[in-house]
Amino acid sequence: MALNVKHQPTGTTYLPAYNDNVFIVTESDSGIYGQYNFKFICDVKDGSGNLLARLKTPIYYGSTNKGVFNISRLLENYVTNDWNYNDSAASGCTNSVFGYQAVFGYEYSTGATTAIVETTGVTSSTGNTIWNASLEPLAFLSYDEDNYWMSTSASGTASFLTNNQSKKLPIDAKAWLYCLHGSNVASVDVAFSPSGTASIPVPGGTLARIPIGSNIPGGIPVGTTSFTCTPKNSGGNQVGKAYTITIDTRCSKYPTTDIYFLNRLGGVDTMRFDMIKRTNFDIERKTYKANPFTLNNSAVTFTYDTAAHSNSDFFTQSTERITLNSNLLTEAEAEWLKELLMSPRVWMYHGTLKAVNILTSQYEQKTHINDKAFNLTLEVTTSIPDKSQRL
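Starting afresh in each chain, residues are numbered from 1 along the sequence in its written order. With pLDDT at 70 or above as the cut-off, local features in this predicted model cover only qualifying residues; side-chain atom pairs require 80 or more to be listed or tallied, and sums for whole chains, interfaces and linings still use all residues. Side-chain numbers come from the whole structure's heavy atoms, not from hydrogens or water.

Trainee: Help me understand the overall build of the protein, please; the structure alone is not making it clear to me.
Mentor: For helices the rule is a DSSP run of H or I covering at least 4 residues; for strands it is a run of E covering at least 2, with both sets numbered from the N terminus onward. Within the protein, the secondary structure is distributed over five helices and 26 strands. C-alpha atoms define the radius of gyration in this analysis, and the globule rule sets the expected value at 2.2 Å times the number of residues to the power 0.38. Against the compact-globule benchmark of 21 Å for 391 residues, the protein has a radius of gyration of 28 Å, which places it well outside the compact range. Overall, the C-alpha framework of the protein stretches about 95 × 75 × 45 Å when taken along its three principal axes. A fraction of 68% describes how many contacts in the protein between residues 6 or more apart in sequence connect residues 24 or more apart. All accessible areas in this document rest on Shrake-Rupley with a 1.4 Å probe, and a residue is counted as covered only by the protein chains that are shown. Counting only carbon and sulfur atoms, one obtains 48% of the accessible surface of the protein, whose full area is about 19900 Å². Positive: Lys, Arg. Negative: Asp, Glu. His and the chain ends are not part of the count. The atom standing in for a charge is NZ when the residue is Lys, CZ when it is Arg, CG when it is Asp and CD when it is Glu. In the protein, 30 positive and 33 negative side-chain charges are present, and the distance between their average locations comes to 5 Å. Contact between two residues is taken to exist if any of their heavy atoms lie within 4.5 Å; hydrogens are not considered.

This is the structure in structure tokens:
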């Protein structure tokens with residue numbers, strides 16, 4: 001017997017959780033795959049070998065001896081996200097990653113009605129990890145983990161987990177960088193312009209988040225115009241692409257609102273909205289027909305007065321709806337902000353941190369050749385409604 005497995009994309013240890021995670025299984029012995037009721041078996045286990053699910057599939061249509069398992073939909077249930085608005089130091093992101101293994105076998109019967117016999121543990125794929133990313137379909141076709149994983153063998157080629165590569169940040173805004181590093185990054189060294197340096201220790205583990213805005217350890221020096229963050233290993237060698245942040249000095253007469261959102265690569269990005277802001281409340285009511293009459297035993301009357309309710313509200317709920325406007329955008333920012341409109345996790349900070357959901361359902365990615373100047377108008381609603389008394 002010879003059961004062979006090919007993992008697609010090939011040669012990968014780290015894969016985005018929300019993209020295809022395919023195993024192609026081949027059985028070369030016709031004495032096995034030619035049997036009755038033949039099916040391939042895939043036992044999906046966690047990194048410690050605990051069984052999560054057993055999957056079975058027949059020979060793939062059009063093939064004589066191959067089966068296909070796509071286990072991404074199963075595995076994505078084991079990752080969420082990691083973020084804390086009050087971070088003051090770099091932290092690990094254990095909820096954003098998950099180690100797994102896939103163990104393969106087959107089953108068949110020697111006759112059409114005889115008992116099915118399972119053979120498991122024939123071959124396996126171990127040491128694999130997913131993280132909470134969802135690459136665009138075309139980007140995933142050319143997936144190369146060295147563009148995301150800051151490994152010692154791919155020095156300088158991997159980026160921090162954000163698609164905003166030209167970040168402008170108000171000096172009083174909190175922000176984070178995330179890195180997939182497998183304990184290869186020991187620190188993020190920061191060089192401030194025109195002067196000053198800092199080194200932020202990064203905890204071991206698969207994925208980490210580093211505060212790099214107003215919450216950066218030690219603070220941003222007064223007079224800083226930009227700063228560059230460089231990931232380095234314990235030997236002081238660079239193990240990923242440096243990331244430069246420009247201080248945004250634009251001012252506005254309007255109150256500022258910072259939006260934080262889970263980006264496509266599993267990190268949390270930030271965007272400031274500092275132009276016109278409008279707040280509305282959508283109110284929902286449910287009523288029942290009440291009896292306004294009152295029986296007066298002494299006077300022997302049955303009547304009502306003007307203070308009685310004939311229609312009574314038994315359910316009243318309001319939902320805050322906010323319209324936000326950003327400052328002027330670059331084309332690169334306009335392309336990146338599509339991720340905000342598609343993000344499943346969004347928060348708003350304006351004195352208080354609130355979970356919000358995006359209401360805006362259409363997005364035009366604008367360019368300067370069509371529009372000389374443009375911004376983003378975003379409509380959000382708070383996730384927790386406000387309910388009044390039930391009478």
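Trainee: Whenever I open this one, the pairing of strand E22 (residues 311–325) confuses me. Can you help?
Mentor: Side-chain direction in a regular strand flips from residue to residue, so the side chains alternate between the two faces of the sheet. Remark: exposure states derive from per-residue accessible area (1.4 Å probe, protein chains only) relative to the maximum for the residue type, with buried under 20%, exposed over 50%, and partly exposed in between. Within E22, eleven of the 15 residues are buried, which leaves the element mostly enclosed by the surrounding structure. When DSSP finds at least two bridges between two strands, those strands are taken to pair. Examined bridge by bridge, E22 and strand E26 (residues 386–387) share two bridges and lie antiparallel to one another. The partner of Gln317 across the bridge, within E26, is Lys387. Note: E22 against strand E25 (residues 377–382), five bridges, orientation antiparallel. Pairing of Ile322 across the sheet is with Val380, part of E25.

Trainee: Looking at this structure, how should I read the pattern of salt bridges?
Mentor: Between side chains of opposite charge, pairing is possible as soon as their charged atoms come close. Just to be clear on terms, a salt bridge is a Lys or Arg side-chain nitrogen sitting within 4 Å of an Asp or Glu carboxyl oxygen. Summed over the entire model, instances satisfying the criterion amount to 14 salt bridges. The salt bridge partner of Lys56 is Glu107, with a shortest N-O separation of 2.8 Å. Taken together, the residues span a long stretch of sequence, with Lys56 in strand E5 (residues 51–57) and Glu107 in strand E8 (residues 97–109) at a distance of 51 residues. With a relative accessible area of 39%, Lys56 lands in the partly exposed category. Overall, the relative accessible area of 5% leaves Glu107 in the buried class.

Trainee: What is the right way to read empty space enclosed by the protein from this model?
Mentor: Over the atoms, a rolling probe the size of a water molecule traces out where space has been left empty. In this analysis the probe radius is 1.4 Å and the grid spacing 1 Å, with only protein atoms considered; a cavity is a set of points the probe fits into but cannot get out of, a pocket is an open set with protein on both sides within 12 Å along at least five of seven lines, and lining residues have an atom within 4 Å of a point. Grid points are joined across faces, edges and corners, and a volume is the space filled by probe spheres set on the points. This structure, assessed with the given rule, holds one cavity of 30 Å³ or more. Roughly 30 Å³ of volume is contained in the largest cavity. Along the walls of the largest cavity sit Thr162, Lys167, Trp176, Leu177, Tyr243, Val268, Asp269 and Thr270, which together make up its complete lining. Only strand E11 (176–180) and strand E18 (268–273) provide two or more residues apiece to the lining of the largest cavity. With three residues, the single largest contributor to the lining of the largest cavity is E18. Here the lining of the largest cavity is composed, by residue class, of four nonpolar, two polar and two charged. For this classification, Asp, Glu, Lys and Arg are treated as charged, while Ala, Val, Leu, Ile, Met, Phe, Trp, Tyr, Cys and Pro are nonpolar and the rest, including Gly, are polar.

Trainee: Sorry, what's going on with the sheet that holds strand E12 (residues 187–193) here?
Mentor: Strand pairs in the sheet, formed through backbone hydrogen bonds, run parallel or antiparallel to each other. Within the open sheet, the five strands sit side by side as E10-E16-E15-E12-E13. Their pairing is mixed. The outermost strands of the open sheet, each flanked by one partner alone, are strand E10 (167–169) and strand E13 (197–201). Looking at each pair of strands side by side, their axes are set apart by 25 degrees on average, direction ignored. The sheet contact formed by E12 and strand E15 (residues 226–232) spans seven bridges and is antiparallel. A fitted line through C-alpha atoms represents every axis, and for helices the fit uses only the stretch in contact; the resulting angles, taken between N-to-C directions, go from 0 to 180 degrees.

Interpretation note: all reported values are geometric properties and have no functional meaning in isolation.
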